[in-house]
Amino acid sequence: MVTARVVPRGRRQARRSSSAGAPLAPGTAWAMRRRRPSFGCARCRQAGSHAPEAPSKGDGRPRLGALVAGRRARTHPATAGPAAARGPAGLSLPSPTATASQALGAPRLGSRAMSAIAFHLPDELQDVLADLEAFLATEVIARHEKHADLLEDPRRLYDEDGRHSAPAQQLIREVRQASSAAGFFNLSVPPSIGGRGLGYLAYYSAWELANRTCGPRNWLGTFALSHWAFGPSAVLEQVTDEARERFLPGLLAGDTSMCFGLSEPGAGSDAAALTTRAEPDGDGWRVHGRKIWTTNVTFADWMVVFAVTDAERAARRRGGISAFLVPTDAPGFRLDRVIRMHGHIGGVEGETVLDGVPVEPWQLVGPLDDGLRIGLLGVSLGRVYNSARSVGLARWSLEKAIAYAKDRVAFGQPIADYQGVSFPLAESAMQVHAAHLMGLNVAQLLDQGGRAVKELSMTKAFSVEVCLRAVDRAIQTHGARGFVNEEGLVEAYNTLRLINVADGTNEILRRTIFQQLAKGDLDL
Ligand SMILES: Cc1cc2nc3c(=O)[nH]c(=O)nc-3n(C[C@H](O)[C@H](O)[C@H](O)COP(=O)(O)OP(=O)(O)OC[C@H]3O[C@@H](n4cnc5c(N)ncnc54)[C@H](O)[C@@H]3O)c2cc1C
């Protein structure tokens, strides 16, 4: 399993020390990577690689495509060749004829440190995650330290209207751009629209790692990977050729961002009840309606707007809803208010009015009248993301709680010596581990091409619930310290509390699970 533990210790230390004081420039992680000593193949411990390093652009930085190709070429000889199956983007997977333990990549003592999880992540993905961890240290955590005056002062972080201030927006943009230049931002974006196509397992693992590494306080980490609702993803595979030229390059580079306008004041869980409408106007349409809870609308450049294009079909719930790409500076598009949550003076969710916004055929995403399918694809990606985010934040909080319990003394003993403190943390470990296994499992089901409706619903509902509980236990372990801003535990709690609703509430997920069971899908 890819955790910090599978990265050889010397290698991790080399990264950490080289990150100290590293300039915050795009591509820093790759530059660091080239300075790091080679530790050879993690599996056979041979010095050096199984293929030459990727060629550079001439500026000392490797070309991303060549680097990925170089990594593939370095696949260990034991899994290379005809017997090795290919996963997304050519990641090597175990042969279909391998034994069960080989197929699951069970670690062999003496060749790899034991891990809690027997699923094997392809070596190439492990490399990507190790590099991502270094990137997060230099480009996210260091940026938070450098700009703490801004990022930790709500009066500077937000403008009067509740949007992020211009300097805060600039930091967000810088992280997106640096990550894009370093090859992480688009790691799971389909190659058909310019991404690396590493698939759902990479998406899940990268988000889990980012949340565990950054915790809730280094929140710029949220912008280090393309979130399906803010940036490129499979949701955009069906944009028109004109949109590919006008919209995708900026999004892939991290220069611009988008948001996802599905929910409305009268349509949340029941998204098909939306009433925003696109009325024919010349060759195109004019959109009228209102969107709510839209994350990132406060500074996004584009919104994917869902609107009724065939009222009769929409009323029968047989299509009739289309998706359109709308620039947020289009005439008639207005952010009505920033929605503030959890007592904050600003936020990233907003309510928007669309008052006759003109849209042309090139702005259509996917087939006319079949937009809700795209909406559901987005929500599925959101469920993978939120499952990973939950596990990452829960592990971050559990590690903090264990350290605190070992250190804090009450009645002459470290509080970790009291079962009233230690047993709840053991309970968290059991549940978070189960959630993690479910997440890795469902990501692989999705990579195999399944829709995994039941499994994804179970994973998201279980993950957000048990991980919220784990953060709550971590707060309790800290006593009064659990509530102070600097610890970030309440921020983690608030985040997980929100995602018990976003991308399918826990009740709607149970409804979906039971619908699948009732249809005869009883495999567990
Ligand atoms: C932080 C956050 C970010 C969000 N970001 C976005 C975004 O970017 N874009 C976007 O379009 N939307 C976004 N949403 C909206 C989100 O998708 C909706 O909140 C969600 O779908 C639930 O809809 P609702 O809030 O209207 O609740 P409702 O649908 O009104 O539900 C209210 C309660 O009733 C329960 N309920 C409803 N129907 C049933 C049923 N059949 N059986 C059992 N219980 C039921 C629900 O579980 C819930 O507890 C976001 C929400 C949050 C909290």
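Residues numbered from 1 in each chain as written. Predicted model: local features only at pLDDT ≥ 70, side-chain atom pairs only at ≥ 80, totals over all residues. Heavy atoms only, no water.

J.: Could you give me a rundown of the overall build of the chain, with the residues and numbers involved?
T.: Secondary structure summary: the chain contains 17 helices and twelve strands in total. Here the chain holds 524 residues, and 53% of them are scored as buried. Within the structure as shown, the chain displays about 23,100 Å² of accessible surface, and the carbon and sulfur contribution to it stands at 53%. (Helix = DSSP H or I, 4+ residues; strand = E, 2+ residues; numbered from the N terminus. Buried < 20%, exposed > 50% of the residue type's maximum accessible area, 1.4 Å probe, protein only. Areas by Shrake-Rupley, 256 points an atom, 1.4 Å probe, with all protein chains shown as cover.)

J.: Got a sec to walk through the site of the ligand? Specific residues and values, please.
T.: The environment of the ligand is formed by 16 residues, the closest being Phe260, Ser263, Ser269, Thr505 and Glu507. Serine 269 is positioned such that a nitrogen or oxygen atom in its side chain is 2.6 Å from an oxygen atom of the ligand. Listing elements by their share of the shell around the ligand, those giving two or more residues are β5 (284–295) and α17 (506–518). Two domains each put at least three residues into the shell around the ligand: domain 2 (258–365) and domain 3 (373–518). (Near = heavy atom within 4 Å. Polar contact = N/O pair within 3.5 Å; in protein donor to acceptor, adjacent residues only side chain to side chain. Domains from an automatic or database assignment.)

J.: Pulling in residues and values, what's your account of helix α9 (residues 199–214)?
T.: The first and last C-alpha atoms of α9 sit 22 Å apart over 16 residues, in line with the 22 Å expected at 1.5 Å per residue. Taken across its 16 residues, α9 has 15 buried, putting it largely inside the fold. (Expected span 1.5 Å × (residues − 1).)

J.: Report on helix α14 (residues 419–447), specifying residues and quantitative values.
T.: With 29 residues, α14 should reach 42 Å at 1.5 Å per residue; the first-to-last C-alpha distance of 42 Å fits that figure. Among the residues of α14, those classed as buried are Val421, Leu425, Ser428, Gln431, Val432, Ala435, His436, Gly439, Leu440, Val442, Ala443 and Leu446. Contacts from the buried residues of α14 go to α9, α13 (371–407) and α15 (453–477). The positive-phi residue at the C-terminal boundary of α14 is glycine 449, with phi of around 100°. (Contact = heavy atoms within 4.5 Å.)

J.: Describe unusual backbone geometry, and please don't skip the residues or the numbers.
T.: Peptide bonds are mostly trans, and most non-glycine residues show a negative phi. In this structure, asparagine 296 is a non-glycine residue whose phi angle is positive, near 80°. Relative to the elements of secondary structure, asparagine 296 occurs in the loop between β5 and β6 (302–308). Relative accessible area serves as the criterion here: at 2%, asparagine 296 is assigned to the buried category.

J.: Before we move on, could you go through the packing of α13 against α15 and cite the residues and values that matter?
T.: The geometry of α13 relative to α15 is characterised by a closest axis approach of 8 Å and an angle of 25° between their N-to-C directions. The pairing of α13 with α15 is recorded here as roughly parallel in orientation. In terms of crossing hand, the pair formed by α13 and α15 is left-handed. Split into classes, the residues belonging to the contact of α13 with α15 amount to 13 nonpolar, nine polar and two charged. (Axes fitted to C-alpha atoms, helices over the stretch in contact; angles between N-to-C directions. Parallel < 35°, antiparallel > 145°, perpendicular 65-115°, else oblique. Left-handed = near helix turned anticlockwise from the far one by under 90°. Nonpolar A, V, L, I, M, F, W, Y, C, P; charged D, E, K, R; others polar.)

J.: Explain the nonpolar core residue by residue, including any values.
T.: With 105 residues, the main nonpolar core has Leu132, Leu236, Phe247 and Phe306 as its most contacted residues. Considering every element that reaches this core, the biggest residue donor is α13, with 14 residues. Listed in part, the 19 residues of the second largest apolar core include Val287, Ala330, Leu335 and Val357. (Core = buried A, V, L, I, M, F, W, Y, C linked by side-chain atoms within 4.5 Å.)

J.: Let's hear about the packing of α15 against α17: which residues, and what values?
T.: Here α15 crosses α17 at 150°, and the two axes come no closer than 9 Å. Relative to α17, α15 is oriented roughly antiparallel. Taken as a pair, α15 and α17 cross one another with a handedness that is left-handed. The residues of α17 that touch α15, namely those facing Val453, Lys454, Ser457, Met458, Lys460, Ala461, Val464 and Glu465, are Asn506, Leu509, Arg510, Thr512, Ile513, Gln516 and Leu517.

J.: Describe the pattern of salt bridges, and please don't skip the residues or the numbers.
T.: This structure, assessed with the given rule, holds 26 salt bridges. Salt-bridge contacts for aspartate 369 lead to arginine 313; the nearest nitrogen and oxygen are separated by 3.7 Å. Here aspartate 369 is found in the loop between β10 (364–365) and α13, whereas its partner arginine 313 is found in helix α12 (residues 311–316), with 56 residues between them in sequence. Within this structure, Arg290, Arg334, Asp336, Arg337 and Glu351 form a network of salt bridges that share partners. (Salt bridge = Lys/Arg side-chain N within 4 Å of Asp/Glu carboxyl O.)

J.: Which residues make up the pairing of strand β7 (residues 321–327), and what are the values?
T.: Where burial is concerned, most of β7 is hidden: seven out of the seven residues are buried. Along β7, one buried face is formed by Ile321, Ala323, Leu325 and Pro327 and the opposite face, lined by Ser322, Phe324 and Val326, is buried too. One ladder, built from seven bridges, connects β6 with β7; its direction is antiparallel. Within the sheet, the bridge partner assigned to methionine 303 lies in β7 and is valine 326. When β7 meets β10, the two strands line up antiparallel, connected through two bridges. Bridge assignment links phenylalanine 324 to a residue of β10, and that residue is leucine 364. (Pairing = 2+ DSSP bridges.)

J.: Give a description of the packing of aromatic side chains that names residues and reports values.
T.: Inspection of every chain in the model, using the stated rule, returns eleven aromatic pairs. Look at phenylalanine 247 and tryptophan 302: their rings are 5.0 Å apart centre to centre, the planes differ by 75°, and that puts the pair in the edge-to-face class. Taken together, the positions of phenylalanine 247 in the loop between α10 (241–246) and α11 (248–253) and tryptophan 302 in strand β6 put the pair 55 residues apart, joining distant regions of the chain. Owing to a relative accessible area of 1%, phenylalanine 247 belongs among the buried residues under this scheme. By the ring-pair criterion, three or more aromatic residues cluster together here, those being Trp219, Phe223, Phe230 and Phe299. (Phe/Tyr/Trp six-rings, centres within 6.5 Å; stacked < 30°, edge-to-face > 60°.)

J.: Can you lay out the environment of glutamine 169 for me, pointing to particular residues and giving the numbers?
T.: Relative to the helices and strands, glutamine 169 resides in helix α8 (residues 166–182). Contact partners of glutamine 169, with chain neighbours within four places excluded, come to His164 and Phe299.

J.: So what's going on with the side chain of arginine 473? Which residues, and what values?
T.: Along the chain, arginine 473 turns up in helix α15. The buried charged residue arginine 473 lacks any salt bridge partner; its closest oppositely charged side chain belongs to glutamate 427, at an N-O distance of 4.9 Å. There is a polar contact of 2.7 Å between the side chain of arginine 473 and the side chain of serine 428. With sequence-adjacent residues up to four places away left out, arginine 473 is seen in contact with Pro424, Glu427, Ser428 and Gln431. (Lys, Arg positive; Asp, Glu negative; His and termini not counted.)

J.: I'd love a proper account of the confidence of the model for the chain, names of residues and values included.
T.: The predicted model of the chain has a mean per-residue pLDDT of 84, with 78% of residues at 70 or higher. When the criterion is pLDDT under 50, residues 1–112 qualifies, and its contacts beyond four places in sequence or with other chains add up to 189 contacts. (pLDDT = per-residue confidence, 0-100.)

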